[in-house]
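Residues per chain, in single letters:
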Amino acid sequence: AARLTGARKKTAERFSKSVMEQLAFLDMPHVTMEVSIVPAPLSSSGADQVEFLMSANPGEPPRSIARIASGGELSRVMLAIKSVLADADDIDTLVFDEIDTGISGRAAWKVGVKLRETARGSDESRSRQVLCVTHLAQIAAQAHHHLLIAKSVRDGRTYTDVRPLDEDGRVEELARIIGGEDTPASREAAREMRGRVE
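Residues numbered from 1 in each chain as written. Predicted model: local features only at pLDDT ≥ 70, side-chain atom pairs only at ≥ 80, totals over all residues. Heavy atoms only, no water.

A look at the overall build of the protein chain
Along the protein chain, the regular secondary structure elements total seven helices and seven strands. If you line up the protein chain on its principal axes, its C-alpha atoms span 60 × 40 × 40 Å. Classification of the 198 residues of the protein chain by burial places 38% in the buried group. Carbon together with sulfur atoms contributes 51% to the accessible area of the protein chain, which is approximately 12100 Å² in total. In the protein chain, which carries 27 positive and 30 negative side-chain charges, the distance between the mean positions of the two groups comes to 4 Å. (Helix = DSSP H or I, 4+ residues; strand = E, 2+ residues; numbered from the N terminus. Buried < 20%, exposed > 50% of the residue type's maximum accessible area, 1.4 Å probe, protein only. Areas by Shrake-Rupley, 256 points an atom, 1.4 Å probe, with all protein chains shown as cover. Lys, Arg positive; Asp, Glu negative; His and termini not counted. Charge placed at Lys NZ, Arg CZ, Asp CG, Glu CD.)

Observations concerning the nonpolar core
With 28 residues, the main nonpolar core has Val 111 and Ile 139 as its most contacted residues. At the level of secondary structure, the elements contributing two or more residues to this core comprise helix 1 (2–25), strand 1 (32–43), helix 3 (71–85), strand 4 (93–97) and helix 4 (105–120). The residues contacting Ile 139, other than those within four sequence positions of it, are Ile 99, Asp 100, Ile 103, Ala 108, Val 111, Gly 112, Leu 115, Cys 132 and Thr 134. Listed in part, the eleven residues of the second largest apolar core include Val 113, Ala 140, Ala 141 and Leu 174. (Core = buried A, V, L, I, M, F, W, Y, C linked by side-chain atoms within 4.5 Å. Contact = heavy atoms within 4.5 Å.)

Brief notes about the packing of aromatic side chains
Using the criterion set out here, one finds one aromatic pair in the structure. Just above the ring of Phe 25 sits the side chain of Lys 114; from NZ or CZ to the centre is 4.8 Å. For the cation-ring pair, Arg 196 lies above Trp 109, with the distance from its terminal atom to the ring centre recorded as 4.0 Å. (Phe/Tyr/Trp six-rings, centres within 6.5 Å; stacked < 30°, edge-to-face > 60°. Lys NZ or Arg CZ within 6 Å of the ring centre and 35° of its normal.)

Some points on unusual backbone geometry
Comment: phi is negative for the bulk of residues other than glycine, and the bulk of peptide bonds are trans. Although it is not a glycine, Asp 27 adopts a positive phi angle of roughly 65 degrees. For Asp 27, the location among the structural elements is in the loop between helix 1 and strand 1. You will see that Asp 155, though not glycine, has its phi angle at about 55 degrees, which is positive. Tracing the sequence through the fold places Asp 155 in the loop between strand 6 (147–154) and strand 7 (157–164).

A closer look at the packing of helix 6 (residues 167–179) against helix 7 (residues 184–196)
In contact at an axis separation of 8 Å, helix 6 and helix 7 are set at 115 degrees when each is read in the N-to-C sense. Regarding helix 6 and helix 7, the two cross each other, and that crossing is right-handed. Of helix 7, the residues touching helix 6 (which contributes Glu 167, Arg 170, Val 171, Glu 172, Leu 174, Ala 175, Ile 178 and Gly 179) are Ser 186, Arg 187, Ala 189, Ala 190, Arg 191, Met 193 and Arg 194. Taken together, the residues of the contact of helix 6 with helix 7 break down into seven nonpolar, two polar and six charged. (Axes fitted to C-alpha atoms, helices over the stretch in contact; angles between N-to-C directions. Left-handed = near helix turned anticlockwise from the far one by under 90°. Nonpolar A, V, L, I, M, F, W, Y, C, P; charged D, E, K, R; others polar.)

In structure tokens, the structure reads:
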């Protein structure tokens, strides 16, 4: 337990710095993060209570992430943490629901870039599945695969249909997200967005 405490303390500062770098990329440049490590009763996970603390605004003291982060902030913090730990964890599938809450434009594009990087991993032979539910074209445009999820009512019952989209379907759906309907202008914007993806 003492060795584990020592390793945690040694790693905490480096980990926090790496997560803050990822958050700066994700348009959260003023976030500070700390890892609180305090003594706790001995258990199978050591003799520490570990908590992530965050301050989203300059001049504010770091507090528990669980208490102060909004839904969108929490999703981006989780994405930043997963990006830092990408080569160290064994998780094969990550699910992000509404990671786009409270963001748009450039920040959304950067979230899409980071999701794509997280799926690919730094070691091309070890990728992971990232499922993301989003309503922002900037994020959706960067997916390797697209599934359209639609609800419909038939015979008084609600059904959810999921269907994979080919490239034309991707452009059509991105155009609808961008402009509210599929128009020549929104299709052109969708094609441009898809073209920007590496």
